[in-house]
Every structure is written in structure tokens, then in C-alpha cells.
Amino acid sequence: QVQLVESGGGLVQAGGSLRLSCAATGRTSSSYNMGWFRQAPGKEREFVAAISWSGVSTGYADSVKGRFTITKDNAKNTVYLQMNSLKPEDTAVYYCAADHDYSDYRRSPQVIDYWGKGTLVTVSS
């Protein structure tokens, strides 16, 4: 079992920045590929970013490429999502995810192994 706890959400004005954190615990949590999804009201959960367990590979949704950066600190078993140049359409609940297969992040949220409870990000115009 892997437990994921997100933090760092909040209210920010358009053009501002936020950094989300996700702390992973569990016996094998360091060997999982980590990522972020988001879900806006009335919409389906969508992929945002992912990073391989080694940290070598990263991937982003087109809508956030160039604005968001995913990183991880293996010593702390924590993954981060730095969000810059935020837009009102980035408003959503952001969920941390852990999965054994890096390619799963591009398939469907339904195949992801573990989820955090989410943290709300609200971007005002």
C-alpha cells in the first residue's frame, strides 16, 4: 500500500504561482512513478504531469507545458508540482497519483494504482 498526502493548494490570482507537494509513504513508495491529475467541476479527471520513479522522464499535458514543472525529492519521498502563470482554467482539485507503470498516466485515470485525496487550487481572474 502507498499513501499519498497533498498540500499547497489555495487561492491565487491569474498570473500567479503555487507549488503543490505530495508526500508518499509505504514500504515500496519510492519505486513508483508519480504524477498529478486534476478535476474541475463538472469535468472528468485529466492528466497534468508525471515523473518516472528515477526522475529521468517527465511528461506534461499540452495545456500546462511550459508553465508547470514536476520534480521529486527521493530522500523525502515527495513529488512537487510548480505551477506558474496560472490561469482561471487551471482551477480544479489536484490529485497526486502513484503507479507502477509510467505509461499508465497517458492511458486513463482508471488504471492508476493509488490516489491522494486532492487539494483545491482556485485561480481568480
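Residues numbered from 1 in each chain as written. Predicted model: local features only at pLDDT ≥ 70, side-chain atom pairs only at ≥ 80, totals over all residues. Heavy atoms only, no water.

1. Points about the sheet that holds strand E8 (residues 78-83)
With antiparallel pairing, four strands are arranged side by side in an open sheet as E1-E3-E8-E7. Every other strand in the sheet has two partners, leaving strand E1 (3-7) and strand E7 (68-73) as the edge strands with one partner each. Sheet twist, expressed as the average angle between the axes of neighbouring strands with direction ignored, equals 15°. In terms of strand pairing, strand E3 (residues 18-25) meets E8 through six bridges, oriented antiparallel. Within E8, the position partnered with Cys 22 by the bridge is Val 79. (Pairing = 2+ DSSP bridges. Helix = DSSP H or I, 4+ residues; strand = E, 2+ residues; numbered from the N terminus. Axes fitted to C-alpha atoms, helices over the stretch in contact; angles between N-to-C directions.)

2. Topic: the state of the cysteines
For the coordinates displayed, the defined rule picks out one disulfide. Note on cysteine connectivity: Cys 22 is disulfide-linked to Cys 96, with sulfurs 2.0 Å apart. Given an S-S torsion of about -80°, the disulfide between Cys 22 and Cys 96 has left-handed geometry. Linking Cys 22 in strand E3 with Cys 96 in strand E9 (residues 92-99), this pair joins segments that are 74 residues apart in sequence. A residue is classified by how much of its surface remains accessible, and Cys 96, at 0% relative accessible area, is buried. (Disulfide = S-S within 2.5 Å. Buried < 20%, exposed > 50% of the residue type's maximum accessible area, 1.4 Å probe, protein only.)

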